[in-house]
Amino acid sequence: MAAKQIITLITGANQGVGFEAAKNLVLSSASHHIIIGSRDASRGTQAVANLQSLPDIKGTLDTIQIDVTDDKSVDAAAEYVAAKYGRLDVLVNNAGVVNQIPELRESMRVILATNLVGVASVTEAFLSLLQKSDEPRLVLVSSSLGSITHASDKTSPYYRAAGTAYRCSKAGVNMMVAQYGHAVNAQGTSFKVFGADPGLNATNLTGDADSLRARGAVEPHVGGGVIASVVKGERDADVGKLCSLTGVVPW
């Protein structure tokens with residue numbers, strides 16, 4: 001990698017909107033060095049190969065194995081980045097799950113382990129590396145489904161949306177955006193914290209991209225573009241908020 005590149009780790013970036021965000025960044029500028037975080041190491045390697053085969057690639061790539069639900073895996077990934085790069089400029093907590101478990105208690109356990117506890121685990125493990133950057137940036141991928149304002153508004157399209165466990169996990173992520181924003185601002189640094197809402201995308205997150213398209217989902221490059229815009233500083237006027245394609249999502 002060249003000197004002065006922006007080193008960005010995106011978790012869950014071997015597919016979906018995370019992959020598309022990585023693609024957007026490496027195609028946009030040679031200043032971006034993207035670390036593809038993947039629970040399955042072979043899928044991360046394949047994602048890097050797929051991106052490196054693009055004819056117009058400008059940025060550079062690396063990959064690490066990271067299972068956000070396994071603290072040992074998370075810590076090992078942080079140690080790898082520390083040893084190889086000495087810092088991290090941008091952390092994008094993108095890894096997430098949904099499930100079809102009918103029992104709410106078990107569904108909550110499974111989803112929160114990745115979508116909320118996993119986000120906290122990764123952020124805490126990499127926080128010291130972010131603090132070594134001249135312009136650190138923390139991006140937590142969330143959703144309008146986590147907005148309590150929308151959930152309380154009978155006129156909102158998200159008022160009666162299904163998925164209690166998923167919605168609770170994203171409401172928690174939204175609180176983490178606010179809490180980390182308060183914490184880093186108290187240190188008087190240039191640290192920026194954002195939420196990013198990629199919207200409904202036709203990915204394999206639910207196991208059926210075609211059914212999502214039938215519901216009006218956009219293609220993953222659209223959601224990936226939202227994440228990439230936050231990484232590139234195009235949404236800096238909305239620092240500390242949940243950024244979507246159309247504006248700012250209310251808490």
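Everything below is about the structure printed above this text.
Definitions and cut-offs
Residues numbered from 1 in each chain as written. Predicted model: local features only at pLDDT ≥ 70, side-chain atom pairs only at ≥ 80, totals over all residues. Heavy atoms only, no water. Salt bridge = Lys/Arg side-chain N within 4 Å of Asp/Glu carboxyl O. Buried < 20%, exposed > 50% of the residue type's maximum accessible area, 1.4 Å probe, protein only. Helix = DSSP H or I, 4+ residues; strand = E, 2+ residues; numbered from the N terminus. Expected span 1.5 Å × (residues − 1). Contact = heavy atoms within 4.5 Å. Axes fitted to C-alpha atoms, helices over the stretch in contact; angles between N-to-C directions. Left-handed = near helix turned anticlockwise from the far one by under 90°. Polar contact = N/O pair within 3.5 Å; in protein donor to acceptor, adjacent residues only side chain to side chain. Core = buried A, V, L, I, M, F, W, Y, C linked by side-chain atoms within 4.5 Å. Arc of directions from axis to C-beta. Pairing = 2+ DSSP bridges.

Undergrad: Describe the pattern of salt bridges, with residues and values.
TA: Applying the stated criterion across every chain, the model contains six salt bridges. When the shortest N-O distance is used, the salt bridge between R87 and D89 registers 3.0 Å. Exposure remark for R87: the relative accessible area of 23% places this residue in the partly exposed category. Its relative accessible area of 8% is what places D89 among the buried residues. In this structure, E106 engages R109 in a salt bridge whose closest nitrogen and oxygen atoms are separated by 3.5 Å. Separated by three residues within a single helix, E106 and R109 lie in helix α4 (residues 104-130), roughly one turn from each other.

Undergrad: Would you mind going over helix α1 (residues 16-28) in detail, with residue names and values included?
TA: Compared with the 18 Å implied by 1.5 Å per residue over 13 residues, the 18 Å span of α1 between its first and last C-alpha is a close match. For α1, the complete set of buried residues consists of V17, G18, F19, E20, A21, A22, L25 and V26. Looking at the buried residues of α1, the elements they touch are β1 (6-10), β2 (32-38), α2 (41-52), β3 (60-65) and α8 (220-231).

Undergrad: Kindly report on the packing of α1 against α2, identifying the contributing residues and their values.
TA: At a minimum axis separation of 11 Å, α1 and α2 run at an interaxial angle of 35°. The two elements α1 and α2 meet at a crossing, and its hand is right-handed. From α1, F19, A22 and K23 reach across to α2, where they touch A47, N50 and L51.

Undergrad: Explain the environment of I7 residue by residue, including any values.
TA: With respect to the helices, strands and loops of the structure, I7 is situated in strand β1. Distance in space between the C-alpha atoms of I7 and I57 is 16 Å, their sequence separation being 50 residues.

Undergrad: Which residues make up the side chain of S143, and what values go with them?
TA: Here S143 lies in the loop between β5 (137-141) and α5 (148-152). Here the side chain of S143 touches L145 through a polar contact of 2.9 Å, landing on its backbone nitrogen. Once residues within four sequence positions are removed from consideration, S143 is found in contact with Y166, K170, N174, D197 and L242.

Undergrad: Tell me what's going on with the nonpolar core, and back it up with residues and numbers.
TA: By size, the foremost hydrophobic cluster in this structure holds 31 residues, and its most contacted members are V81, L88, L91 and F126. At eight residues, α4 tops the list of elements feeding residues into this core. Leaving out residues up to four positions away in the same chain, L91 has contacts with L9, V122, T123, F126, L130, R137, L138 and V139. Counting 25 residues, the second-largest nonpolar core is a separate cluster that includes A13, V17, I36 and F194.

Undergrad: Give me α2: which residues, what numbers.
TA: A rise of 1.5 Å per residue sets the reference length of α2, with its 12 residues, at 16 Å; its end C-alpha atoms lie 17 Å apart and thus fit the reference within 8%. Looking at α2, one finds that the buried residues are G44, A47, V48 and L51. Buried residues in α2, looked at end-on, bunch into an arc of 100°, giving them a common side.

Undergrad: Describe in detail the pairing of β2, supporting the description with residues and values.
TA: For a regular strand, side-chain orientation follows a simple rule: the groups alternate between the two sheet faces. Burial of β2 is extensive: seven of the seven residues sit out of reach of the surface. Burial along β2 is two-sided: H32, I34, I36 and S38 facing one way and H33, I35 and G37 facing the other are all buried. Relative to β2, β1 is paired through five bridges, and the arrangement is parallel. Among the inter-strand pairings, L9 is bridged to a residue of β2, identified as I35.

Undergrad: So what about the sheet that holds β1? Which residues, and what values?
TA: The strand order across the open sheet built from eight strands is β3-β2-β1-β4-β5-β6-β7-β8, with neighbouring strands paired in mixed fashion. Because the sheet does not close on itself, it has two edges, and the strands there are β3 and β8 (248-249). Along the sheet face, α4 touches β1, β4 (90-93) and β5 and points at about 180° away from the line of β4.

Undergrad: Which residues make up the pairing of strand β6 (residues 192-196), and what values do they have?
TA: The buried fraction of β6 is high, at four of five residues. When β5 meets β6, the two strands line up parallel, connected through five bridges. Note that in β6 the partner of L138 across the bridge is V193. Taken together, the two bridges between β6 and strand β7 (residues 242-243) define a ladder with parallel strand orientation. Bridging from a neighbouring strand, G195 pairs with L242 of β7.

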